[in-house]
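Residue-level structure breakdown
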Amino acid sequence: MDYRENLKYKKRIVVKIGTSTLSYPSGRLNFQLVEKLAFVLSEIRKKGIHVVLVTSGAIGVGAGRLGLTTKPGKLAKKQALAAIGQAELIKIYQKYFEENNQIVAQVLLTKDIVTINKRHSNAKNTLEKLLSMDIIPIINENDTISTNEIVFGDNDTLSAYVAVLIKADLLIMLSDIDGLYSADPKTKSSARIIYIVHKITPRLEKIATNTGTIFSTGGMSTKIAAAKIGGKANIDTVITNGSDPTIIFKILNGENLGTLILADANNANKN
Amino acid sequence: MMKQGGKKKRIVVRIEIATLSDDDEKLNKKKMDQLAMILSNLQNSGKQLILVSSGAIALGAEKLKLNQQPSSFIDKQAAAAVGQVELIKNYKRYFDEYNQIVAQVLLTSDTIDSNIRIKNTRNTFDTLLDMNIIPIVNENDAVSTADIELNDNYPLALNVAKIVNADIILIKLDANGKFLLVPKGEKKAVAVDDEYELFEKINDICQNINQEKLAESDYPESINEIEY
């Protein structure tokens, strides 16, 4: 069975992009990247595939709007920057999607969607409705009101819960490295990319904690954890380099790029 | 710079999008510009402002080219998710013209039910206000339906006023310059007919606030309870 070939037939995908992929090292937004991402996702939507975008970046954009050069430390400051930055961020996404005649919607979630039934069904119904109208929902955590008790903590986890909520069949996580490596590629020349993962083993989880990116909240281990959440709900995950978003076309065309982590049920079929 | 008379006065502004629209329910950009000017000017004069605005559903319906306003909850929620983007984009555009930075805060009605959420939301508002930013608040309709059910955003404005301990709730009454000022702890509200009178009355109220009375008093619980 060619698992990569299967990716050609995905019908509902969640794409997650992190701050370190969206922005320059200075923290300022990379407009060309946002423009390309909007183009790619709009094209995929036109092919009849349902697309949801989970995006980070509000705090960085908020800091940029205020001309701050250092990262905020205090929670209240972070939340204030998120409130400023989310307004900017959604405006910029809207602009670029509009250029592709694609309507977008903003959906801000808290962990309530996992723990409170009514929130769960409200969020699910809203997202289903938006997808049925060919709209691309753009999701972020509602940082402004998220307290520790109700926080997802990172958008990798949020994107997995969103994928489960809307019964997606693929989660694509855009990162700033090419995928999961067998060792840290920065220190070991023998490190190779792992193109396919049939089962998330404790050994693999250990590899993930030792590699990844140092700038983002997530890094590799939260991505593996997200893939695990998705895997239980029969969702495949691809972790790949998002610096050129057209890579999503190639992945959906079955090319061997990034790390494909197979869903549990998919793996069971092998027997 | 000298700080005048301690704490800055806080005003929660309640806007229904109909008061910024023409008869055909289309947003009147001139009216939004006018509002942004008034609020930016009040902010410049040393007041702290929070804007609570409806309009996501109406603007979403317009964006989606729906012939009529959506009627079911789910249609309204979907329209709101689309329209909130338009709403905040439009406000940003006009506030930007007055060099006023805004922020988007989406709340659910249960924010007021939990002490930790109240504290958290208050901290966010306090931080934004201290940075001279105007938060623009709406209900998070995608996950919550309280405002949709009531078809009224006064309860949200009231909750925000309680959270930030506002001195005044300012209500835009019509598509012209008519406003209603509801000072905290006063039985009677003050109606004003134009923006110049608005500034005068706000300053009057702010100078005459009786701090002792404030501690034990509150705001009208519903829009219908307000007398003027």
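Structure report, in brief. Counting starts from 1 at the beginning of each chain's written sequence and moves along it residue by residue. Going through the entries in the order they are written, you letter the chains from A and number the ligands from 1. Local features in this predicted model are restricted to residues whose pLDDT is 70 or higher, and side-chain atom pairs enter the listing and the counts only when it is 80 or higher, whereas totals over whole chains, interfaces and linings include all residues. The basis for every side-chain value is the complete set of non-hydrogen atoms in the structure, without hydrogens or water.

Side note on the pairing of strand 3 (residues 102–107) of chain B
Residue and element names in this part refer to chain B. Here strand 3 lies mainly inside the structure; six of its six residues are buried. Working definition: with a 1.4 Å probe on protein chains only, accessible area under 20% of the residue-type maximum means buried, over 50% means exposed, and in between means partly exposed. Helix and strand assignments follow DSSP, with helices taken as H or I runs no shorter than four residues and strands as E runs no shorter than two, numbered in order from the N terminus. Burial of strand 3 is two-sided: the residues Val102, Gln104 and Leu106 facing one way and the residues Ala103, Val105 and Leu107 facing the other way are all buried. Pairing of strand 3 with strand 4 (residues 134–139), which is carried by six bridges, proceeds in the parallel orientation. Bridged to Leu106 within strand 4 is Asn138. Note on the crossover from strand 3 through helix 4 (residues 115–130) to strand 4: the handedness is right-handed. Any two strands are treated as partners once DSSP identifies two or more bridges connecting them. With its strands directed away from the observer, a crossover is right-handed exactly when the path from the first strand over the helix to the second travels clockwise.

Some details on the nonpolar core
Most often, soluble globular proteins keep nonpolar side chains buried together rather than apart. For this analysis, a nonpolar core means a set of buried residues of the types Ala, Val, Leu, Ile, Met, Phe, Trp, Tyr and Cys, connected via side-chain atoms within 4.5 Å. Judged by nonpolar contacts, the single largest core of 73 residues is most densely connected at Leu41, Tyr93 and Ile248 of chain A together with Leu39 and Tyr91 of chain B. Note on definitions: a residue-residue contact is assigned when non-hydrogen atoms from the two residues lie within 4.5 Å. With sequence-adjacent residues up to four places away left out, Leu39 of chain B is seen in contact with Val13, Leu49, Leu51, Phe95 and Ile134 of chain B. Counting 44 residues, the second largest nonpolar core, distinct from the first, contains Val52, Leu165, Met173 and Met220 of chain A.

A short note on the sheet that holds strand 2 (residues 48–53) of chain B
Residue and element names in this part refer to chain B. If you trace the seven strands from one edge of the open sheet to the other, you get 3-4-2-1-5-6-7, paired in mixed fashion. Edge positions in the open sheet fall to strand 3 and strand 7 (190–192), since each of these has one partner strand only. Neighbour-to-neighbour, the strand axes of this sheet turn through a mean angle of 25°, independent of strand direction. When strand 5 (residues 168–172) meets strand 6 (residues 179–183), the two strands line up antiparallel, connected through five bridges. Within strand 6, the position partnered with Leu170 by the bridge is Leu181. Axes here refer to lines fitted to C-alpha atoms; in helices the fit is confined to the stretch in contact. Angles between the N-to-C directions go from 0 to 180 degrees.

Looking at the sheet that holds strand 3 (residues 104–109) of chain A
All names here are of chain A. Here eight strands make up an open sheet; going across it, the order is 3-4-2-1-5-7-8-6 and the pairing mixed. Each edge of the open sheet is held by one strand with a lone partner, namely strand 3 and strand 6 (196–197). Examined bridge by bridge, strand 3 and strand 4 (residues 136–141) share six bridges and lie parallel to one another. Bridge pairing in strand 4 places Leu108 opposite Asn140. Along the sheet, helix 10 (residues 219–232) makes contact with strand 1 (12–17), strand 5 (170–175), strand 7 (236–241) and strand 8 (259–261), crossing strand 7 at roughly 155°.

What about helix 6 (residues 154–164) of chain B?
All names here are of chain B. In terms of residue burial, helix 6 counts as a mostly covered element, since nine of its 11 residues are buried. Of all the positions in helix 6, only Tyr154, Leu156, Ala157, Leu158, Asn159, Val160, Ala161, Ile163 and Val164 are classed as buried. Positive phi shows up at Asn165, right after helix 6, with a value of about 55°.

Focus on the interface of chain B and chain A
In this assembly, 41 residues from chain B lie in contact with 43 residues from chain A. Note on chain B versus chain A: buried area summed over both sides is about 3,500 Å², and carbon and sulfur give 61% of it. Buried area: the sum, over both parts, of the accessible surface (1.4 Å probe) that disappears when the two are put together. The largest share of the area that chain B buries against chain A comes from Gln104, Arg117 and Val143 of chain B, three residues that together contribute 16% of it. Salt bridges are defined by distance alone: a side-chain nitrogen of Lys or Arg within 4 Å of a carboxyl oxygen of Asp or Glu. Applying the counting criterion to the chain B and chain A interface returns five salt bridges. The partner of Lys63 of chain B in a salt bridge is Glu98 of chain A, and the shortest N-O contact between them spans 2.6 Å. Polar contact is the term for a pair of N or O atoms within 3.5 Å; when the atoms are in protein, one must be able to donate a hydrogen and the other to accept it, and sequence-neighboring residues count only if both atoms are side-chain atoms. At the surface where chain B touches chain A, the tally comes to 18 residue pairs in polar contact (both at pLDDT 80 or more). Only helix 3 (73–97), strand 3 and helix 4 of chain B provide two or more residues apiece to the side of chain B that touches chain A. Among the elements that line the side of chain B that touches chain A, the one with the most residues is helix 3 of chain B, at 13 residues. Gly is placed with the polar residues, together with every amino acid not listed as nonpolar (Ala, Val, Leu, Ile, Met, Phe, Trp, Tyr, Cys and Pro) or charged (Asp, Glu, Lys and Arg). Tallied by class, residues from the side of chain B that touches chain A come to 19 nonpolar, 13 polar and nine charged.

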